[in-house]
Amino acid sequence: MFSYEESEKFNGFPIPKNAEVINSRKGFSSYSGLAVSETKKDGLPLIYRLHIKASGWKKTFQEGALTTYEKDNHKIDVIAETNYLSIGVNKE
């Protein structure tokens, strides 16, 4: 079963609970151990995309492996590559 938790670090953006943090600093974290793929159109698993949407985040930009989500004037950049996910606060 997939489960997620809202992250304070990322303004409530949902993070997979089973993700293994491989790098973390202020406003950015990268994870492994997830079924993500850069070869799919939307890289993230469908259930994760649905959870992001149900949490009120809207996709506002996508180019290659990068997707930007926005909610309440907060922007989050998500990069999905094969077995790798990075999440960062968009400071634009």
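Since the model is a prediction, treat every value here as computed from it, not as a measurement.

Rules used throughout
Every residue gets a number counted from 1 within its own chain, in the order that chain's sequence is written. Given that the model is predicted, a residue must reach a pLDDT of at least 70 before its local features are reported, and side-chain atom pairs must reach 80 or more before they are shown or counted; all residues, however, enter totals for whole chains, interfaces and linings. In computing side-chain values, all of the structure's heavy atoms are included and hydrogens and water are not. Definitions used throughout: a 1 Å grid over protein atoms alone; a cavity as a set of points that fits a 1.4 Å probe which cannot get out; a pocket as an open set with protein on both sides within 12 Å along at least five of seven lines; a lining residue as one with an atom within 4 Å of a point. Grid points are joined across faces, edges and corners, and a volume is the space filled by probe spheres set on the points. Secondary structure is summarised from DSSP: a helix means a run of H or I of at least four residues, a strand means a run of E of at least two, and numbering begins at the N terminus for each. Gly is put with the polar residues, along with every residue not named as nonpolar or charged; the nonpolar set is Ala, Val, Leu, Ile, Met, Phe, Trp, Tyr, Cys and Pro, and the charged set is Asp, Glu, Lys and Arg. Here the term buried applies to any residue with accessible area under 20% of the maximum for its type, exposed to any over 50%, and partly exposed to those in between, with areas from a 1.4 Å probe on protein chains only. By definition in these notes, contact holds between two residues if any of their heavy atoms fall within 4.5 Å. DSSP bridges decide pairing: two strands pair if at least two such bridges lie between them. Throughout, an axis means a line fitted to C-alpha atoms (over the contacting stretch in the case of helices), and angles, computed between N-to-C directions, take values from 0 to 180 degrees.

1. So, the layout of surface pockets
- There is about 210 Å³ of room inside the largest pocket.
- Surrounding the largest pocket, 10 residues form its lining, Arg49, Lys53, Trp57, Lys59 and Tyr69 being those nearest its centre.
- Those elements that provide at least two residues to the lining of the largest pocket are α1 (46–54) and β5 (58–63).
- No other element matches the five residues that α1 contributes to the lining of the largest pocket.
- Taken together, the residues that form the lining of the largest pocket break down as five nonpolar, no polar and five charged.

2. Focus: the environment of Thr67
- Mapped onto the elements of the fold, Thr67 is located in strand β6 (residues 66–71).
- Its relative accessible area of 9% is what places Thr67 among the buried residues.
- Between the alpha carbons of Thr67 and Ile79 there is a distance of 6.4 Å; along the sequence they are 12 residues apart.
- Apart from the residues within four sequence positions on either side, Thr67 is in contact with Lys59, Phe61, Gln62, Ile76, Asp77 and Val78.

3. Some thoughts on unusual backbone geometry
- With a phi close to 50°, Asp72 is a non-glycine residue in the positive phi region.
- Tracing the backbone shows Asp72 in the loop between β6 and β7 (74–81).
- Its identity as a non-glycine residue notwithstanding, Asn73 has a phi of 65°, on the positive side.

4. Section: the sheet that holds strand β3 (residues 20–25)
- Taken in spatial order, the six strands line up as β3-β4-β8-β7-β6-β5 in an open sheet, and their pairing is antiparallel. This sheet does not close on itself; its edge strands, each paired only once, are β3 and β5. Averaged over all pairs of adjacent strands, the angle between their axes in this sheet comes to 20°, without regard to strand direction.
- In this sheet, strand β8 (residues 84–89) lies alongside strand β4 (residues 28–32) in antiparallel orientation, the contact comprising five bridges. By the bridge assignment for β8, Ser29 is matched with Ile87.

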